[in-house]
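A closer look at the structure
Residues per chain are reported as follows:
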Amino acid sequence: MLQPQNYPRFIGKALLLEPDPFVEMVDDDNPWIEGLFLCACIGVLVAVAQLVGSLLLTASLPPSEALLTLRQGTFNGETLLEIERTLRSVWPLLLAYSGYDSVLFRLLTLATTPLGLIGQWLLFGLSSHLLARAAGGQGSLGQTLGAVALSNAPRLLYLLTFIPFVSVASVLIHVWGVLIAYRGLEVAHELPSGRAALVSVGSWLLLLLVSSIAAIAFGAMFIFAGGSL
C-alpha cells in the first residue's frame, strides 16, 4: 500500500509522465482504493483553496446587486434595458454557481468538489477500461481506476486560486490530464502508444460530453424553477 507521505514524489513523477508511479499503482494490492483516496485528497485540497480564494475575492468586491448597476449614459435607454434584462435573467444562476452572496453554498463545495472529482474519475476510469479492453488491453478495472486516478494530479494547480484574481487555464489541466491518462493506460493495459492515446482522448471526449449535458440540464432546471432576483 502506498504511503501518503510518498504522495508528493509519486505525483511529481506522474506529472512528468515517468512510468514508475503507474507501475506502483498497477502493482498495488488495491489500486482502485489508492486511486479513490488520491482523488479525495486532491479534491479536498482544491476545495479548500477555492473556498479561501472566493472569500478573499468577495471581500474585495462590492455587493452583488451593485455589480448589476450600469452607468446611465453608457448605452441608450433601449439598449440599457435589454442588457439589464439579460443580466437579471442569468444573474441568479451565476450567483448560485459562484456562491457570491452565500457562505453556506461555498461551504457545501468542500463536499461537492471532491465528490464531483471522484464521480468524474469513476466515469473516466470505467470508459477508459471499456475502450482499452476493446483495443486489446489486458488490465483489470481496478488497475485502470488506479492508473487514471493520477490524471487528476494537474488539478493541484488549482491550489493557486486561493490568491484572489488568480486563475488557472482549464485547457492546460485537461490536456495534461489526458497525457497522464495515456501513460497510465499504456502501463496498465500494456497497450501500444497509438492505441493508448486513442483510448485516453476518446474517454476524455466522452467525459466532456456527459459533463456538458449535465451542466446544460442543471442550468435549464434552475431557470425553469423560477430563479430570479
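In this text the structure is predicted, and so the values were computed from the model without any measurement.

Observations concerning the packing of helix H7 (residues 141–149) against helix H8 (residues 170–189)
Across the interface, H7 lies against H8 with an axial gap of 8 Å and an inter-helix angle of 150 degrees. When the axis of H7 is compared with that of H8, the two are roughly antiparallel. In the crossing of H7 with H8, the sense of the turn from one axis to the other is right-handed. Residues Gln143, Thr144, Ala147 and Val148 of H7 touch H8, and the partners they reach there are Gly184, Leu185, Ala188 and His189.

Notes on a nonpolar patch on the surface
A cluster of nonpolar residues, Val44, Val48, Val52, Leu56, Leu107, Leu110, Leu160, Phe162, Ile163 and Val166, forms a patch on the protein surface that exposes about 760 Å² of accessible area. Elements supplying a minimum of two residues to the nonpolar patch: helix H3 (31–59) and helix H6 (103–134). Broken down by element, the residue count for the nonpolar patch peaks at four residues, all from H3. Structurally, Leu160 is set in the loop between H7 and H8.

Describing the nonpolar core
One finds Met25, Leu38, Trp121 and Leu150 to be the most contacted residues of the largest nonpolar core, which totals 31 residues. Every element with two or more residues in this core is listed here: helix H1 (7–15), helix H2 (20–27), H3, H6, H7, H8 and helix H9 (193–224). In contact with Met25, other than residues within four places in its own chain, are Leu2, Phe10, Pro31, Glu34, Gly35, Leu38, Gly146, Ala147 and Leu150.

Brief notes about the environment of Val166
Turning to its location among the elements, Val166 is positioned in the loop between H7 and H8. Classification of Val166 by relative accessible area gives partly exposed; the value is 32%. Counting along the chain gives 109 residues from Val166 to Leu57, while the straight-line C-alpha distance between them is 9.8 Å. Every residue in contact with Val166, bar those within four places of it in the chain, is listed here: Leu160 and Thr161.

Let's talk about the pattern of salt bridges
Inspection of every chain in the model, using the stated rule, returns three salt bridges. In this structure, Lys13 and Asp20 form a salt bridge, with 3.7 Å as the shortest nitrogen-oxygen distance. Take Lys13: its relative accessible area is 24%, and that puts it in the partly exposed class. Notably, a salt bridge pairs Glu186 with Arg183, separated by 3.1 Å at the nearest N-O pair. Residue Glu186 and its partner Arg183 are both found in helix H8; the two are separated by three residues, about one turn of the helix.

Thoughts on the confidence of the model for the protein chain
Low-pLDDT stretches of the model should not have their predicted coordinates read in fine detail. Residues with a pLDDT of 70 or more make up 75% of the protein chain, whose mean pLDDT is 82. For the protein chain, the element scoring lowest by mean pLDDT is helix H4 (residues 64–67), at 55; H7 scores highest, at 94.

Notes on unusual backbone geometry
Positive phi is not limited to glycine here, since Leu17 has a value of about 65 degrees. Here Leu17 is to be found in the loop between H1 and H2. Given a relative accessible area of 24%, Leu17 falls into the partly exposed group. The backbone phi angle of Glu190 is positive, close to 55 degrees, even though this residue is not glycine. Tracing the backbone through its elements, the reader meets Glu190 in the loop between H8 and H9.

Brief notes about the packing of aromatic side chains
Under the definition given, this model contains one aromatic pair. Taken together, a centroid distance of 6.1 Å and an interplanar angle of 55 degrees make the contact between Tyr7 and Phe37 tilted. Residue Tyr7 is found in helix H1, and its partner Phe37 is found in helix H3; the two are separated by 30 residues along the sequence.

Observations regarding the environment of Leu2
If you trace the backbone, Leu2 turns up in the segment before H1. Here Leu2 falls in the buried class, since its relative accessible area comes to 14%. Residues Leu2 and Glu34 lie 32 residues apart in sequence; the distance between their C-alpha atoms is 7.3 Å. Leu2 has contacts with Tyr7, Phe10, Glu24, Met25, Asp28 and Glu34, leaving out every residue within four places of it along the chain.

Concerning the packing of H1 against H2
In contact at an axis separation of 7 Å, H1 and H2 are set at 120 degrees when each is read in the N-to-C sense. One way to sum up the angle between H1 and H2 is to call them oblique. For the pair H1 and H2, contact is made by Arg9, Phe10, Lys13 and Ala14 and by Asp20, Pro21, Phe22, Glu24 and Met25, respectively.

Criteria and thresholds
- Residues numbered from 1 in each chain as written.
- Predicted model: local features only at pLDDT ≥ 70, side-chain atom pairs only at ≥ 80, totals over all residues.
- Heavy atoms only, no water.
- Axes fitted to C-alpha atoms, helices over the stretch in contact; angles between N-to-C directions.
- Helix = DSSP H or I, 4+ residues; strand = E, 2+ residues; numbered from the N terminus.
- Parallel < 35°, antiparallel > 145°, perpendicular 65-115°, else oblique.
- Left-handed = near helix turned anticlockwise from the far one by under 90°.
- Contact = heavy atoms within 4.5 Å.
- Patch = residues over 30% accessible without salt bridge, like charges linked within 9 Å, V, L, I, M, F, W, Y side chains within 5 Å.
- Areas by Shrake-Rupley, 256 points an atom, 1.4 Å probe, with all protein chains shown as cover.
- Salt bridge = Lys/Arg side-chain N within 4 Å of Asp/Glu carboxyl O.
- Core = buried A, V, L, I, M, F, W, Y, C linked by side-chain atoms within 4.5 Å.
- Buried < 20%, exposed > 50% of the residue type's maximum accessible area, 1.4 Å probe, protein only.
- pLDDT = per-residue confidence, 0-100.
- Phe/Tyr/Trp six-rings, centres within 6.5 Å; stacked < 30°, edge-to-face > 60°.

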